[in-house]
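# Understanding the architecture of this molecule
This is what each chain is made of:
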Amino acid sequence: MSNQLEKVKELIELRNKARLGGGEAAIEKQHAQGKYTARERITMLVDEGSFEELDMFVQHRCTNFGMEKKQYLGDGVVTGYGTIEGRLVYIFAQDFTVIGGSLSETMAMKICKVMDQAMKMGAPIIGINDSGGARIQEGINALSGYAEIFQRNILASGVVPQISGIFGPCAGGAVYSPALTDFTIMVKGMSYMFLTGPKVVKTVTGEDVTQEQLGGATVHASRSGVTHFAVDTGEDGITLIRKLLSFIPQNNLEEVPIKKTDDPIDRLEDALNDIIPDSPNKPYDMYEVIGAVIDNGEFLEVHADYAQNIIVGFARFNGQTVGIVANQPKCLAGVLDINASRKAARFVRFCDAFNIPLVTLVDVPGFLPGTGQEYGGVIVHGAKLLYAYGEATVPKVTVTLRKSYGGAHIVMSCKQLRGDMNYAWPTAEIAVMGGVGAVEVLYAKEAKESPDPASYLAEKEEEYTKTFANPYNAAKYGYIDDVIEPRNTRFRIIRALQQLATKKQTNPAKKHDNLPL
Ligand code: HXC
């Protein structure tokens, strides 16, 4: 064998060794836990044969605690680039088979390299987390590695989409990388995220809590809102990343590719003409309205289990991606509260950063009253949503279906927050407040003096409702651009979006804004 052939053989052997990560036993352990390895996850994620791995020969430099004897080619992370539906993406996937995927200085270097590359190329970054956290033997060097990654997460925010799949443990300060990214996906029973684990919790607070209770997928999807998605299996997580990417652009200077649709733009939905119940206190399901107006009913909901009084997610109109924000009358009457405001504000800001038009469907009775909300700072949290809509310069189409009262009316993408097209159904009620509350303020004295206060107030309420609980008062002043037939909503939204395709609007120059945090 010639010298050259021998060297090629050696290269092939080294590559094969690197591809084994922490070795066969560790791979088997990973599989026994129902988990895929980093390389298997990447293979499932990208278009077949498209992955190009980088830094396969990187090794850690730590010599503490005998670490010089624990060497693995590529260290504990697989990095590189590939395509998803033909579009370039950069990927890092922590390899739990190598020292528990714990983060070393050199692993951080590898991760930072693909992040820098993604920024230069304007392509999304997908991080797959499955790690025991900072590599303890490396001390401060591991911490500095995390800080390097966080800094890049921050600079990439709003420039290229960043998606975090949590497919195993993600503990300690390590959680801050996913928290800085745009979307987090967790797998039920497999992933957990917490700043301090159950043992520390027990020592400090005395609470007995399991990993799942403290930071499992269900908890973070429904209670903390830390994760946007909770899926059943690792495969579902990978499929979801691919689907999510289909709705978002490569970077903040590009638009999302149009997905051709066979759903007619002028499809009439007769059921929408009769969906609003006669009683204003009766709910209906906003999902039915969303499903009826978007292309083929295909809705990718974000934060589905968190703050269910507001619905946010991606859909398409005539093939064009939009972000939908909709109050849900079926949950807490669609009221705005702290969690709903935070959830929707974050979504609106993502869409605005990435050129995705916003379609807002309004049926909101107001903000949730009470000390719980006030002490929790609903004023500031509500302001986040108000701010997000007001600063957004993407096309904004609003349809008011029923209630739109008070401060909540303003917050939900009203005309004066630079709403581009504001439509209302004939069932809309756009006013300062609902009838009951209004007459109690306006006629409290007269009611007291009347022989029958209850019927006096009922009469006044009817008068108030007749005057104000309609869309025409707002339309009279041009705050509503048109009152539309509900069954024609899809067509009107599509027409509006077509009209707004060339919209150009800028905000005043500033270093950055001061969003109420
Ligand atoms: C070094 C680690 C490690 C770590 C795991 N390993 N975590 N090595 N540093 N942080 C090693 C284990 O020693 C073991 O090595 C191998 O990885 C597999 O781990 P196991 O414990 O056998 O796996 P499992 O039973 O599945 O348990 C997984 C685990 C546990 C729950 C994640 O490993 C664990 O508790 N790790 C420590 C977690 C932690 O406290 N990390 C520091 C957090 S603080 P061998 O050789 O036996 O195979 C932090 C600060 C970040 O991260 C700050 C950023 C700002």
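For the structure given in this document, a descriptive report is provided here. (Residues numbered from 1 in each chain as written. Predicted model: local features only at pLDDT ≥ 70, side-chain atom pairs only at ≥ 80, totals over all residues. Heavy atoms only, no water.)

### As for the environment of Thr-210
Put simply, the rule reads: To qualify as a helix, a DSSP run of H or I must reach at least 4 residues; to qualify as a strand, a run of E must reach at least 2; elements of each kind are numbered from the N terminus. Only protein chains enter the accessibility calculation, which uses a 1.4 Å probe; a residue is then buried when its area is under 20% of its type maximum, exposed when over 50%, and partly exposed in between.
Residue placement: Thr-210 occurs in the loop between α7 (198–205) and α8 (211–215). Judged by its relative accessible area of 41%, Thr-210 is partly exposed. Sequence separation between Thr-210 and Gly-197 is 13 residues, and the spatial gap between their C-alpha atoms is 8.8 Å.

### Focus on the pattern of salt bridges
Let me state the cut-off plainly: Criterion for a salt bridge: a side-chain nitrogen of Lys or Arg within 4 Å of a carboxyl oxygen of Asp or Glu.
The final tally for this structure, using the stated rule, is 28 salt bridges. Close ionic contact of Lys-113 with Asp-55 constitutes a salt bridge, the shortest N to O distance being 2.9 Å. Placement of the pair is Lys-113 in helix α4 (residues 105–121) and Asp-55 in the loop between β1 (52–54) and β2 (77–84), with a sequence separation of 58 residues. On the basis of relative accessibility, which here comes to 41%, the residue Lys-113 falls in the partly exposed class. On the basis of relative accessibility, which here comes to 18%, the residue Asp-55 falls in the buried class. Across the pair Asp-116 and Arg-152 runs a salt bridge whose closest N-O atoms are separated by 2.8 Å. With a gap of 36 residues between them, Asp-116 in helix α4 and Arg-152 in helix α5 (residues 140–156) connect regions that are remote in the sequence.

### Thoughts on the site of the ligand
Note the cut-off: A molecule or strand has a residue near it when one of that residue's heavy atoms lies within 4 Å. In protein, a polar contact means a hydrogen-donor-capable atom and an acceptor-capable atom, both N or O and within 3.5 Å, with residues adjacent in sequence counting only if both atoms are side-chain atoms; elsewhere, any N or O pair within 3.5 Å suffices.
In the region of the ligand, 21 residues are neighbours, and Lys-29, Lys-70, Gly-100, Gly-132 and Ala-134 sit closest. Lys-70 places a polar side-chain atom, nitrogen or oxygen, 2.9 Å from an oxygen atom of the ligand. Here an oxygen atom of the ligand sits 2.8 Å away from a polar atom, N or O, in the main chain of Ala-134. Those elements that provide at least two residues to the shell around the ligand are α5 and β6 (169–171).

### Quick word on the pairing of strand β13 (residues 358–364)
We count it as follows: A pair of strands is treated as paired once DSSP finds two or more bridges between them. Here the term right-handed applies to a crossover when the path leading from its first strand over the helix to its second strand runs clockwise, the strands being oriented away from the viewer.
Buried residues dominate β13, accounting for 7 of its 7 residues. Side-chain alternation along β13 places Leu-358, Thr-360, Val-362 and Val-364 on one buried face and Val-359, Leu-361 and Asp-363 on a second face that is also buried. Two strands pair when backbone bridges link them, and strand β12 (residues 320–327) and β13 are joined in this way by 4 bridges, in the parallel orientation. What sits directly across from Gly-323, in β13, is Leu-358. After leaving β12, the chain enters helix α12 (residues 338–353) and then returns to the sheet as β13, a path that is right-handed. Of the strand pairs in this sheet, β13 and strand β14 (residues 396–405) are connected by 6 bridges, and their pairing is parallel.

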